[in-house]
Amino acid sequence: MHTSCIHLFDFYALLLCQSSSAMSKKVSIFFLGLVAFFIFQSCDSNSIYSEKKNIPTTWTHLDTISFRYVINDTVSKHDLILTVAHHILFPYENLYVLVNTSFPDGKATKQLLSLQLTSSDNSWMSKCSGEHCTLAIPISSDIKFKLPGEYALNIVQNSRKDTLVGIESLQLDITKSVDK
């Protein structure tokens, strides 16, 4: 969250604490909640799209995880981040997926990706809590979409096994690239 957003939030929290009557505290709480909502909405203006798809107990070659999104900005650069949630007992160090992308003009591409989940010492690169781990993996960085319109990103698991157990969800986030 931007520091200006935090300071504005602190200001309204201070106003709430200084209210004296019960009614004005209720009104202050309402407005504080309303202000907080708009602050959190406006402070992450780089986010274009975010959707999470849960995967049943098993993920077969026949199961396609689909994300559909609309792009209007063809000038800015964007990052596509795929967050993989998996069980701590997932038996593989990477996850092979076939990514099919459909463009607004009807054209399509296919790309085979190996999503690395472990480091060279075979420890999870993911953040784990209990038995569940998540790892955000950039799949495209600083790209410009050539056409405005609806895109589709379809992901199929492409491992040597017909059925995978332990992948819990995939989340696609599209953000405007931040200058580094």
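Fair warning: this is a prediction, and the values are worked out from it, not measured in the lab. (Residues numbered from 1 in each chain as written. Predicted model: local features only at pLDDT ≥ 70, side-chain atom pairs only at ≥ 80, totals over all residues. Heavy atoms only, no water.)

**Let's talk about the overall build of the protein**
We count it as follows: Numbering of helices and strands runs from the N terminus; a helix is a DSSP stretch of H or I covering at least four residues, while a strand is a stretch of E covering at least two. Only protein chains enter the accessibility calculation, which uses a 1.4 Å probe; a residue whose area is less than 20% of its type maximum is buried, one above 50% is exposed, and one in between is partly exposed. Every residue pair with non-hydrogen atoms within 4.5 Å of one another is taken to be in contact.
Scanning the protein from N- to C-terminus turns up two helices and 11 strands. Overall, the protein shows an N-to-C arrangement of helices and strands of α-α-β-β-β-β-β-β-β-β-β-β-β. Taken over 180 residues, the protein has a buried fraction of 33%. At a minimum sequence separation of 6, the contacts of the protein that also span at least 24 residues come to 77%.

**A look at the state of the cysteines**
Two cysteines whose sulfur atoms are joined by a covalent bond form what is called a disulfide. Keep this limit in mind: Count a disulfide wherever a pair of cysteine sulfur atoms falls within 2.5 Å.
Under the counting rule described, the total for this entry stands at one disulfide. Two residues, Cys-128 and Cys-133, share a disulfide whose sulfurs are 2.1 Å apart. Its S-S torsion of about 105° marks the bond between Cys-128 and Cys-133 as right-handed, since a negative value means left-handed. For Cys-128, a relative accessible area of 37% corresponds to the partly exposed category.

**A few points about the pattern of salt bridges**
Condition: Note on definitions: salt bridges are taken to be side-chain nitrogens of Lys or Arg within 4 Å of carboxyl oxygens of Asp or Glu.
Taken as a whole, this structure holds two salt bridges when the rule is applied. Salt-bridge contacts for Lys-53 lead to Glu-51; the nearest nitrogen and oxygen are separated by 3.5 Å. Between Asp-73 and Lys-176 there is a salt bridge, with its nearest N and O atoms 3.7 Å apart. Residue Asp-73 is located in the loop between strand 3 (64-71) and strand 4 (78-87), and its partner Lys-176 is located in strand 11 (residues 167-176); the two are separated by 103 residues in the primary sequence. Given the relative accessible area of 21%, Asp-73 is considered partly exposed.

**Description of the pairing of strand 9 (residues 149-157)**
This is how it is decided: Any two strands with at least two DSSP bridges between them are considered paired.
Of all the nine residues making up strand 9, seven are buried; the element is thus mostly covered by neighbouring parts of the structure. Summarising the sheet, strand 3 and strand 9 pair through eight bridges and their orientation is antiparallel. Counted as the bridge partner of Phe-67 is Leu-153 from strand 9. Pairing analysis gives six bridges linking strand 5 (residues 94-102) to strand 9, with the strands arranged antiparallel. Looking at strand 9, one finds that Ser-102 is bridged to Ala-152.

**Topic: unusual backbone geometry**
Phi at Asn-122 is positive, roughly 65°, even though this residue is not glycine. Secondary-structure assignment places Asn-122 in the loop between strand 6 (108-116) and strand 7 (127-129). Exposure remark for Asn-122: the relative accessible area of 55% places this residue in the exposed category. With a phi angle near 55°, Asp-142 is a residue other than glycine that sits in the positive phi range. Examined against the element boundaries, Asp-142 turns out to sit in strand 8 (residues 132-143).

**Details of the packing of aromatic side chains**
As a reminder, the rule being used: Aromatic pairing here means that ring centres of Phe, Tyr or Trp (its six-membered ring) are within 6.5 Å. Orientation follows from the plane angle: under 30 degrees is stacked, over 60 is edge-to-face, and everything else is tilted.
A full pass over the atoms with the stated rule returns six aromatic pairs. Taken together, a centroid distance of 6.3 Å and an interplanar angle of 70° make the contact between Tyr-69 and Phe-145 edge-to-face. Taken together, the residues Tyr-69 in strand 3 and Phe-145 in the loop between strand 8 and strand 9 connect sequence positions 76 residues apart. On the numbers, 5.5 Å between centres and 75° between planes, the contact of Phe-90 with Tyr-92 is edge-to-face. Members of the aromatic cluster, each reached through a chain of ring pairs, are Tyr-49, Tyr-69, Phe-103, Phe-145 and Tyr-151.

**Details of the sheet that holds strand 9**
The condition that has to hold: Note on geometry: axes are lines fitted to C-alpha atoms, helical ones only across the stretch in contact, with angles between N-to-C directions running from 0 to 180 degrees.
Spatially, four strands are ordered 3-9-5-6 in an open sheet, and the strand pairing comes out antiparallel. Looking at strand neighbours, the two that pair on one side only are strand 3 and strand 6, the edges of this open sheet. Taking the axes of each pair of neighbouring strands and ignoring which way they run, one obtains an average angle of 20° across the sheet. Here strand 5 pairs with strand 6 via nine bridges, running antiparallel. Residue pairing across strands places Asn-100 opposite Lys-110, the latter belonging to strand 6.

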